[in-house]
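Below are the chains, spelled out letter by letter.
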Number of protein chains: 2
Amino acid sequence: MLYPNNIKKDKKSFINYGNRGMSLENLINETNEYYLENDIALIFKKPTPIGIAKVSYNSFGKSIDKAYFKEQSTLDYNGLYKGKYIEFDAKETQNKTSFPIANVHNHQIQHIRNVIKHHGICFLIIKINGMYYLLLGKTFINYIDNTTKKSIPYNFIKDNAYQIYEKYNPPLDYLKIIEKLIKEEI
Amino acid sequence: MLYPNNIKKDKKSFINYGNRGMSLENLINETNEYYLENDIALIFKKPTPIGIAKVSYNSFGKSIDKAYFKEQSTLDYNGLYKGKYIEFDAKETQNKTSFPIANVHNHQIQHIRNVIKHHGICFLIIKINGMYYLLLGKTFINYIDNTTKKSIPYNFIKDNAYQIYEKYNPPLDYLKIIEKLIKEEI
């Protein structure tokens, strides 16, 4: 509905190679588009909040002449899956042995606590060592509340997060994991 | 957490008069802030999406030199209430006898259908004749799917929507209605 359908169709000739080199954000956007087109879920990236400093009017309407990026105080993606509220963020690290906690801003940590408190489904999708993991918000919070470390060891992630295996379409089927967790009552 | 607390405290001296003349958007923002501060729900206005045409870099970081407003293809507010997904929009009309359907863009109508399909809680808050009504998405869709009219008569709204009575704090307690509807299984 919201995206041009032909993009996906054109891509079919690249089966198995289509995602190569695609950024984490693009993989997630493609996945969300797949969920939308196949009536699985409604999940969107929130627009980046901006502060507008100067506006002008011309024959095309209102136009922005000066603005600046503001920091997102929530997570980047949210939406709806089978009546349930979903919110998550995508984080990437070049670090091979651990995920730096500072990658998640303080406002976002507070927001994760809030989403958990209000019974939303909340998680991080972490790219580390070329692999993708779904780390539940409560596992993340539980870890940082009980450590003085500044990062989460890769081994902890391997043992406590759920690996998402990249495939052609949808490229990162994170809802498959969420579906399983819902059945097991997260 | 996300808003300066003192704004609300300063306002207490204006009891009963605090909301006078406040726009519908501000009433809703204040209400959402109340829900946030009192741990009732997490509901936010989505940032307006913009298209960025030109960016520059200076000592303060990245700055936007040319951009334009894009149309929101979803509804303006979404969030989380007791694990459930909520999405709504605020619409105002100066018209006294009916609410013009064109106030809700086609993309938004399609999105309302989608949210209903995925079992989200979806509604419009309509200001008409100085009063506020919560019109459920499914009532709205049901009306427009069965009419050739270009607007919804005020009498239909009075009979089929739920009036929200403005009060001091929170100014528009729309979740009170949603809570009741959840209990009755919307």
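Residues numbered from 1 in each chain as written. Chains lettered and ligands numbered in written order. Predicted model: local features only at pLDDT ≥ 70, side-chain atom pairs only at ≥ 80, totals over all residues. Heavy atoms only, no water.

**Q** I'm lost on the relation of the copies chain A and chain B in this one. Help?
**A** For these two chain copies, the linking operation is a rotation about an axis paired with a shift along it. Aligned on chain B, chain A shows an RMSD of 0.0 Å; the corresponding rotation is 180 degrees and the shift along the axis is 0.0 Å. Taken together, the rotation and translation describe the operation of a two-fold axis. (Least-squares fit on C-alpha atoms with pLDDT ≥ 70 in both.)

**Q** Please clarify how the pattern of salt bridges should be interpreted in this entry.
**A** Two side chains carrying opposite charge are able to pair once their charged atoms lie near each other. As enumerated under the stated definition, the model contains 16 salt bridges over all chains in all. Residue E184 of chain B is joined to K180 of chain B by a salt bridge in which the shortest nitrogen-to-oxygen separation is 3.3 Å. By the burial criterion, E184 of chain B is exposed, and K180 of chain B matches it. One salt-bridge network, in which partners are shared between bridges, spans K82, E179 and K183 of chain A. (Salt bridge = Lys/Arg side-chain N within 4 Å of Asp/Glu carboxyl O. Buried < 20%, exposed > 50% of the residue type's maximum accessible area, 1.4 Å probe, protein only.)

**Q** Can you help me understand the packing of helix α3 (residues 106-117) of chain A against helix α4 (residues 137-145) of chain A in this one?
**A** Packed helices, taken two at a time, are described by their axes: the angle between them and the distance between them. All names here are of chain A. Following both chains from N to C, one finds α3 and α4 inclined at 125 degrees, their axes separated by 10 Å at the closest point. When the interaxial angle is binned, α3 and α4 end up oblique. Pair α3 / α4 crosses with left-handed handedness. Note on element contacts: α4 touches α3 through G137, K138, F140, I141, I144 and D145, opposite I109, I112, R113 and I116. Tallied by class, residues from the contact of α3 with α4 come to 6 nonpolar, 1 polar and 3 charged. (Axes fitted to C-alpha atoms, helices over the stretch in contact; angles between N-to-C directions. Helix = DSSP H or I, 4+ residues; strand = E, 2+ residues; numbered from the N terminus. Parallel < 35°, antiparallel > 145°, perpendicular 65-115°, else oblique. Left-handed = near helix turned anticlockwise from the far one by under 90°. Contact = heavy atoms within 4.5 Å. Nonpolar A, V, L, I, M, F, W, Y, C, P; charged D, E, K, R; others polar.)

**Q** What exactly am I supposed to notice about the environment of K167 of chain B here?
**A** Locating K167 of chain B in the fold gives a position in the loop between β10 (162-164) and α6 (174-183). Along the sequence, K167 of chain B and I152 of chain B sit 15 residues apart, while their C-alpha atoms lie 26 Å from each other.

**Q** Could you clarify how one ought to interpret helix α2 (residues 24-37) of chain B in this entry?
**A** Residue and element names in this part refer to chain B. For α2, built from 14 residues, the straight-helix expectation of 20 Å at 1.5 Å per residue is met to within 8% by its first-to-last C-alpha distance of 20 Å. Every buried residue of α2 is listed here: L24, L27, I28, E30, T31, N32, E33, Y35 and L36. Immediately beyond the C-terminal end of α2, within one or two residues, lies D39, with a positive phi of roughly 55 degrees. (Expected span 1.5 Å × (residues − 1).)

**Q** Please clarify how the pairing of strand β5 (residues 84-92) of chain B should be interpreted in this entry.
**A** A regular strand carries its side chains on alternate faces of the sheet. All names here are of chain B. With 5 bridges joining them, strand β4 (residues 77-81) and β5 adopt antiparallel strand pairing. Counted as the bridge partner of Y77 is F88 from β5. Hairpin connection between β4 and β5: a loop of 2 residues separates the two successive antiparallel strands, and K82 in this loop has a positive phi of roughly 50 degrees. Two strands pair when backbone bridges link them, and β5 and strand β7 (residues 121-128) are joined in this way by 7 bridges, in the parallel orientation. Looking at β7, one finds that F88 is bridged to F123. (Pairing = 2+ DSSP bridges.)

**Q** Looking at this structure, I do not really get unusual backbone geometry. What am I missing?
**A** Peptide bonds are mostly trans, and most non-glycine residues show a negative phi. All names here are of chain A. At the junction of N169 and P170, the peptide bond is cis and its omega measures out at 0 degrees in the coordinates. Relative to the helices and strands, P170 is located in the loop between β10 (162-164) and α6 (174-183). In the Ramachandran plot, D39 falls in the positive-phi region, its phi being about 55 degrees despite a non-glycine side chain. Tracing the sequence through the fold places D39 in the loop between α2 (24-37) and β1 (42-45). Even without glycine at this site, K82 takes up a positive phi of about 50 degrees. Overall, the relative accessible area of 49% leaves K82 in the partly exposed class.

**Q** How should I be thinking about the packing of aromatic side chains in this particular structure?
**A** Each pair of aromatic rings is reported with the distance of its centres and the angle of its planes. Residue and element names in this part refer to chain A. Here the structure, examined in full by the defined rule, presents 17 aromatic pairs over all chains. Residues F88 and Y174 carry aromatic rings whose centres are separated by 4.8 Å and whose planes lie at 55 degrees to one another, so their mutual orientation is tilted. With a gap of 86 residues between them, F88 in strand β5 (residues 84-92) and Y174 in helix α6 connect regions that are remote in the sequence. A single burial state applies to F88 and to Y174, both of which are buried. (Phe/Tyr/Trp six-rings, centres within 6.5 Å; stacked < 30°, edge-to-face > 60°.)

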